[in-house]
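# Chains, contacts and geometry: an overview
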Amino acid sequence: MHEGHRQRMLQRLEHAEDLQDHELLEILLFNAIPRKNTNPLAHELLLEFPSLKELFCADFGELLDVRGIGRETAAYLRCIAEIYARVGREREELPALFSAGEFSLFLRRRYEALSAEVLEIFSIDAQQHVHSCKRFSERLSDRVQLETGEIADFFAARRPAGIVLAHNHPAAPAHPSREDDGFTAQMQIYCSMNGIRLYDHIIVGQDGTYSYFLVGRMEEIRRKFDIAALVGEKLYRG
């Protein structure tokens, strides 16, 4: 009986926004308590802590005071709470809106302790709000290679209106190399093919930062390497 109920609840996660707090909590507890109806315990937790925010701010001892909560379940909830808190801090760390100057300062702080090269793509919506980022790096390597499939997966998952590219030169100045210029041009072509605006490519080096946008090169690259400019706005069949 419990297994059938659990499957039905898990299916409802396809529309998770329609679930009530106690239902979400009930599903969350499936992993902590595999062979027991977790619905009563979800209600018990929300009686003790009237909101999910209060629940996930509770310390270990407060959770143990709730009837039916053992050490393993309390530890599980504290783990979820810590992840929730860290995700919140990460979201707060991202700049709210795209600004080349602020982004450059943000990235310098972000990369200052890194000894390996990383590449990040930041997702930006139509109102220039920064929503998320994905980091690409290679362990024990001083260069980052990015495959077309990885970019396609990122675009499909995040559906950005625009992006900002960023990478670091841990042991070199911020000035772009020929490879950096070539990569920026390639990304501009790929973005224009997908209707996505490439706002900037920012490099952080030992001597500071380099922004293609701030030095005036980004607009030139967008014009020169736009797919319509390269192949024509219309396609003709002979």
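In the block above lies the structure referred to throughout.
Residues numbered from 1 in each chain as written. Predicted model: local features only at pLDDT ≥ 70, side-chain atom pairs only at ≥ 80, totals over all residues. Heavy atoms only, no water.

## Examining a nonpolar patch on the surface
A cluster of nonpolar residues, Leu10, Leu13 and Leu24, forms a patch on the protein surface that exposes about 210 Å² of accessible area. Checked against the element boundaries, Leu24 lands in helix α2 (residues 21–28). Classification of Leu24 as partly exposed rests on a relative accessible area of 31%. (Patch = residues over 30% accessible without salt bridge, like charges linked within 9 Å, V, L, I, M, F, W, Y side chains within 5 Å. Areas by Shrake-Rupley, 256 points an atom, 1.4 Å probe, with all protein chains shown as cover. Salt bridge = Lys/Arg side-chain N within 4 Å of Asp/Glu carboxyl O. Helix = DSSP H or I, 4+ residues; strand = E, 2+ residues; numbered from the N terminus. Buried < 20%, exposed > 50% of the residue type's maximum accessible area, 1.4 Å probe, protein only.)

## What about the nonpolar core?
Grouped together as the largest cluster of nonpolar side chains are 21 residues, with contacts concentrated most on Ile121, Leu146, Phe155, Ile163, Leu165, Met187 and Leu198. Residue assignment for this core shows that the elements contributing at least two residues are β1 (118–124), α8 (148–158), β3 (162–168), α9 (178–193), β4 (197–205) and α10 (218–224). Looking at this core, the element that brings in the most residues is α9, giving four residues. By size, the runner-up hydrophobic cluster in this structure holds 18 residues, among which are Leu29, Leu46, Phe49 and Ala58. (Core = buried A, V, L, I, M, F, W, Y, C linked by side-chain atoms within 4.5 Å.)

## What to know about the pattern of salt bridges
Here the structure, examined in full by the defined rule, presents six salt bridges. Where Arg12 meets Glu23, a salt bridge forms, and the shortest distance between an N and an O atom there is 2.9 Å. In this pair, Arg12 is assigned in the loop between α1 (2–11) and α2 and Glu23 in helix α2, connecting sequence segments eleven residues apart. Arg12 sits in the partly exposed class, given a relative accessible area of 37%. By relative accessible area, which is 12% here, Glu23 ends up buried. Here Glu120 and Arg110 are joined by a salt bridge, their closest N and O atoms 2.8 Å apart. Within this pair, whereas Glu120 is found in strand β1, its partner Arg110 is found in helix α7 (residues 100–111), the two being separated by ten residues in sequence. A relative accessible area of 1% places Glu120 in the buried class. It is possible to trace a salt-bridge network through shared partners that takes in Arg110, Glu120 and Arg135.

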